[in-house]
Amino acid sequence: MRARDAWASPLGLALWVLSLTFIGEVAQGRTLADQDYYIQEILNRDHYHALPEPEEETATEQPREEAEQLGRPEERRQPPKLKPAKKELKQKKAKKEKLMLETPPGKNGNKKSKKIRSHDKVSNGDYESQIVSEDIRESCPPLGLETLKITDFQLHASTVKRYGLGAHRGRLNIQAGINENDFYDGAWCAGRNDLHQWIEVDARRLTKFTGVITQGRNSLWLSDWVTSYKVMVSNDSHTWITVKNGSGDMIFEGNSEKEIPVLNELPVPVVARYIRINPRSWFDNGSICLRLEILGCPLPDPNNYYHRRNEMTTTDDLDFKHHNYKEMRQLMKIVNEMCPNITRIYNIGKSHQGLKLYAVEISDNPGEHEVGEPEFRYIAGAHGNEVLGRELMLLLMQFLCQEYRAGNTRIIQLIEDTRIHLLPSANPDGYEKAYEVGSELGGWSLGRWTHDGIDINNNFPDLNTMLWEAEDRRNFPRKVPNHHIPIPEWFLSENATVAVETRAIIAWMEKIPFVLGGNLQGGELVVAYPYDMVRSLWKTQEQTPTPDDHIFRWLAYSYASTHRLMTDARRRVCHTEDFQKEDGTVNGASWHTVAGSLNDFSYLHTNCFELSIYVGCDKYPHESDLPEEWENNRESLIVFMEQVHRGIKGIVRDSHGKGIPNAIVSVEGVNHDIRTANDGDYWRLLNPGEYVVTARAEGFTSSTKNCAVGYDMGATQCDFTISKTNLARIKEIMEKFGKQPISLPVRRLKLRARQRRQRR
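All values reported here derive from a predicted model rather than from experimental measurement. (Residues numbered from 1 in each chain as written. Predicted model: local features only at pLDDT ≥ 70, side-chain atom pairs only at ≥ 80, totals over all residues. Heavy atoms only, no water.)

**Some details on the overall build of the protein chain**
Scanning the protein chain from N- to C-terminus turns up 20 helices and 28 strands. The 760 residues of the protein chain split such that 53% are buried. Of the contacts formed within the protein chain by residues at least 6 apart in sequence, a portion of 75% connects residues at least 24 apart. Counting every atom, the protein chain has about 36,800 Å² of accessible surface; 51% of that belongs to carbon and sulfur. (Helix = DSSP H or I, 4+ residues; strand = E, 2+ residues; numbered from the N terminus. Buried < 20%, exposed > 50% of the residue type's maximum accessible area, 1.4 Å probe, protein only. Contact = heavy atoms within 4.5 Å. Areas by Shrake-Rupley, 256 points an atom, 1.4 Å probe, with all protein chains shown as cover.)

In structure tokens:
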């Protein structure tokens, strides 16, 4: 009773109201800075499917009528040309009047020397949307639908055709793959084809939206894309304001086919939290389907703990930008000038267009192969549009130089004990095509191939078939060895369909005794190890291990496990494949079969163990994403290089202590041999354990010994001394005498025989 009277008193009533207010504040997620953001989202927002549909101007409006409005001069907005971000900035001033909303005279005056903003507030109930117009437009980066910065929880849609075509699949450049199914398809597709459909992005903070990029549906069988759309913004996801062009709603011109991205910039930047795309017309024989990316600059929000906790920064002072061919060459020169004692620039050949394929060597004695020092290589840019690997190589050479100068003992030891080769751009012609249109507008394949249309990564000789056919005929190893399989003659002919870049890479591989290598690619987050080609006929996917499968698995895991995202079980798949079951690694043939891959050729033709490293879902990320991508891959790049010192190493010598080139080193139980370099030194990658190793060479006796590989970093020294066989010695003597006239000894023998007969 007393408690009831206490609440009935004025003071108690005030406390009761205050407590309800406090609870309401907590429910809206505004009190505790460290409160989980997802809980805030659930408490602060109604379910998206319960929200009202966008209001239509007329109930009988049809897509064709909207399309006709695009042709009106006062309503139509020309789509901007596909140019790099830098070129767009230079064109902003010239296009300023086209990009601005119509403003009353005197608002901006004619003061072009100053940066002028106008804030127009449009009130509608409790909602206020702030529109910012600037004389000098700021170039905002993508929010991250393609890079997966935008999570699936931030994407919503009015309706969906099925789960595999949900809003979470409406990401720029997302791929459906061959098997389009209910889980992984190639776009968001609305459940109905009408004017009430929309897809929505929640930026989770106030963001200055500046543009929208759209694509059609990725599909081998269907043709679906949106030809025009409206853009709406909101701060609460309930009340929406349509972006206008003057007095009417602005209709943006969409796609004319399904793969080429189309950029539409907003007439003026709009500050809001939510943005919606409302399709107004679509391909006649298709459905409402699209993929998109949103351009926007998140506004600073120091009170938002969720974003502070997840922001990625780097302390490395590196050149985080995209470099064209000239800039790449200049950066290499700068690194060489900073560290002239440990770097060397050289080229391995030229592209189809005559651009040199530049490489940088990093070693304590650049330009020379040191006996006992293994050779390592990174190759990037075989697909010209997979740009992230190229920039990671340029960042890596800067980092190694800086850390060496700063006295980083780990980097110093790596450089002094290893000869490192970095080839940032194996396909510079393709890169220039992708660079011309910019990071978000090249689609999935522009610049992938060489100038003459060849995929370098799959342009090497198919040695797998030669080996497997020989094994099946049981004439192995006499006719076809299990290593250093020769290149077939047809491949060496001038008429063969072989890129000049491929021939240059092969010559480079044969010249330098590489031990370990990685080729950086893009579009996925996984490390693929050989074989890349299935052994069974008529199969497109099949686990096809090499004899060195255990060490290949370790090498792949060494990179994936030290990457910030590859082994993260919580991360979303890039496209269709979930590689978490193998910890971010995959056997290439079990993923998709490829004949003539760089990995398989390197393993069967040289000593080098090569892996494909897919470093990001986005092949061509925006410059603003490069610092984070560097942090994601930096440790992995270094750890993978350190694996070149795993296993055994040594020198195979003759009885006089001279190194024997081309000697064969075999490991018992592993049906794959390696050969010594010109100085007789070798390196054999192996996992920890006890091994029986044999060294042999033509004309020499063989030698066998036990070699143990420990768990600590550093290869075990395992030297061999083998002597010549008697047959080889006789052959050597005969060759020695063959260099002198044989007639003089014969005459002497005949003279002595004649003298003996006379004495008798």
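**A closer look at the state of the cysteines**
Counted by the stated rule, this structure contains five disulfides. Here Cys189 connects covalently by a disulfide to Cys289, the sulfurs 1.9 Å from one another. Taking the sign of the S-S torsion, about 115° here, the bridge from Cys189 to Cys289 comes out right-handed. Of the two residues, Cys189 sits in strand 4 (residues 188-189) while Cys289 sits in strand 12 (residues 289-298), which places them 100 residues apart along the sequence. Each member of the pair, Cys189 together with Cys289, is buried. For Cys707, the disulfide goes to Cys718, at an S-S distance of 1.8 Å. Highlighted residues: Cys707 in strand 26 (residues 703-709) and Cys718 in the loop between strand 27 (716-717) and strand 28 (720-721), separated in sequence by 11 residues. (Disulfide = S-S within 2.5 Å.)

**Quick look at the sheet that holds strand 13 (residues 343-350)**
An order of 13-14-16-15-17-20-18-19 is seen for the eight strands of this open sheet, with the pairing classed as mixed. Looking along the sheet, the strands with just one partner apiece sit at the ends: strand 13 and strand 19 (585-587). Across the sheet, the mean angle from the axis of one strand to that of its neighbour is 25°, orientation sign disregarded. Of the pairings in the sheet, the one linking strand 13 to strand 14 (residues 356-362) comprises six bridges and is antiparallel in character. (Pairing = 2+ DSSP bridges. Axes fitted to C-alpha atoms, helices over the stretch in contact; angles between N-to-C directions.)

**So, the pairing of strand 17 (residues 514-521)**
Moving residue by residue along a regular strand, the side chains alternate between the two faces of the sheet. Most of strand 17 sits out of view: eight of its eight residues are buried. Examined bridge by bridge, strand 15 (residues 375-380) and strand 17 share six bridges and lie parallel to one another. Opposite Arg377, over in strand 17, you have Gly517 as the bridge partner. Strand direction decides the pairing type here: strand 17 and strand 20 (residues 609-616), joined by six bridges, are parallel. Across the sheet, residue Leu520 finds its bridge partner in strand 20, namely Ile613.

**Let's talk about the pairing of strand 21 (residues 648-653)**
Note that strand 21 and strand 24 (residues 681-684) share four bridges and pair antiparallel. Bridge pairing links Ile651 to Asp681 in strand 24. Here two bridges tie strand 21 to strand 27, and the two strands are oriented parallel to one another. In the sheet register, Lys649 faces strand 27, and the bridge partner there is Gln717. Pairing of strand 21 with strand 28, which is carried by two bridges, proceeds in the parallel orientation. Paired with Arg653 across the two strands is Thr721, which belongs to strand 28.

**Re helix 8 (residues 325-338)**
Relative to the 20 Å expected for 14 residues at 1.5 Å per residue, helix 8 spans 20 Å between its end C-alpha atoms, a close match to the ideal helical length. Residues Tyr325, Met328, Leu331, Met332 and Val335 constitute the buried set of helix 8. Buried residues of helix 8, seen end-on, are gathered within an arc of 125° and therefore sit on one face of the element. Opposite the buried face of helix 8, by more than 90 degrees, sit the exposed residues Lys326 and Glu337. If you follow the buried residues of helix 8, they end up packed against strand 13, strand 14, helix 9 (387-406) and helix 11 (428-437). (Expected span 1.5 Å × (residues − 1). Arc of directions from axis to C-beta.)

**Focus on the sheet that holds strand 26**
An order of 23-22-25-26 is seen for the four strands of this open sheet, with the pairing classed as antiparallel. The sheet terminates laterally at strand 23 (670-675) and strand 26, the two strands that pair on one side only. The sheet shows a mean angle of 30° between the axes of neighbouring strands, direction not considered.

**Quick notes on the confidence of the model for the protein chain**
Overall, the prediction assigns the protein chain a mean pLDDT of 82, with 77% of residues at 70 or greater. Note on residues 13-136: pLDDT under 50 across the span, and 188 contacts to partners over four residues away in sequence or across chains. (pLDDT = per-residue confidence, 0-100.)

**Here's the deal with the packing of helix 15 (residues 549-560) against helix 18 (residues 626-642)**
At a closest axis distance of 8 Å, the pairing of helix 15 and helix 18 adopts a crossing angle of 150°. Classified by the angle their axes make, helix 15 and helix 18 are roughly antiparallel. Of the residues in helix 18, those in contact with Leu555, Ser558 and Tyr559 of helix 15 are Asn633, Ser636, Leu637, Val639 and Phe640. Considering only residue class, the contact of helix 15 with helix 18 consists of five nonpolar, three polar and no charged. (Parallel < 35°, antiparallel > 145°, perpendicular 65-115°, else oblique. Nonpolar A, V, L, I, M, F, W, Y, C, P; charged D, E, K, R; others polar.)

**A look at a nonpolar patch on the surface**
Where nonpolar side chains cluster on the molecular surface, the patch consists of Ile178, Leu220, Trp221 and Leu222 and spans about 490 Å² of accessible area. Here Leu222 shows up in the loop between strand 5 (199-215) and strand 6 (226-234). A residue is classified by how much of its surface remains accessible, and Leu222, at 38% relative accessible area, is partly exposed. (Patch = residues over 30% accessible without salt bridge, like charges linked within 9 Å, V, L, I, M, F, W, Y side chains within 5 Å. Salt bridge = Lys/Arg side-chain N within 4 Å of Asp/Glu carboxyl O.)

**Concerning the environment of Ile648**
By the element assignment, Ile648 lies in strand 21. Among residues more than four places away in sequence, those in contact with Ile648 are Tyr682, Trp683, Arg684, Leu686, Val693, Cys707, Val709, Ala715, Thr716 and Cys718.

**Focus on the packing of aromatic side chains**
Counted according to the given criterion, the structure contains 23 aromatic pairs. Arranged with centres 5.1 Å apart and planes meeting at 70°, the rings of Trp591 and Tyr614 form a pair that is edge-to-face. Of this pair, Trp591 sits in helix 16 (residues 588-591) while Tyr614 sits in strand 20, and the two are 23 residues apart along the sequence. An aromatic cluster is defined as three or more aromatic residues linked by ring pairs; in this entry it consists of Trp468, Tyr531, Phe552, Tyr603 and Phe609. In this structure, Arg390 is placed above the aromatic ring of Tyr431, and the distance from its NZ or CZ to the ring centre is 3.5 Å. (Phe/Tyr/Trp six-rings, centres within 6.5 Å; stacked < 30°, edge-to-face > 60°. Lys NZ or Arg CZ within 6 Å of the ring centre and 35° of its normal.)

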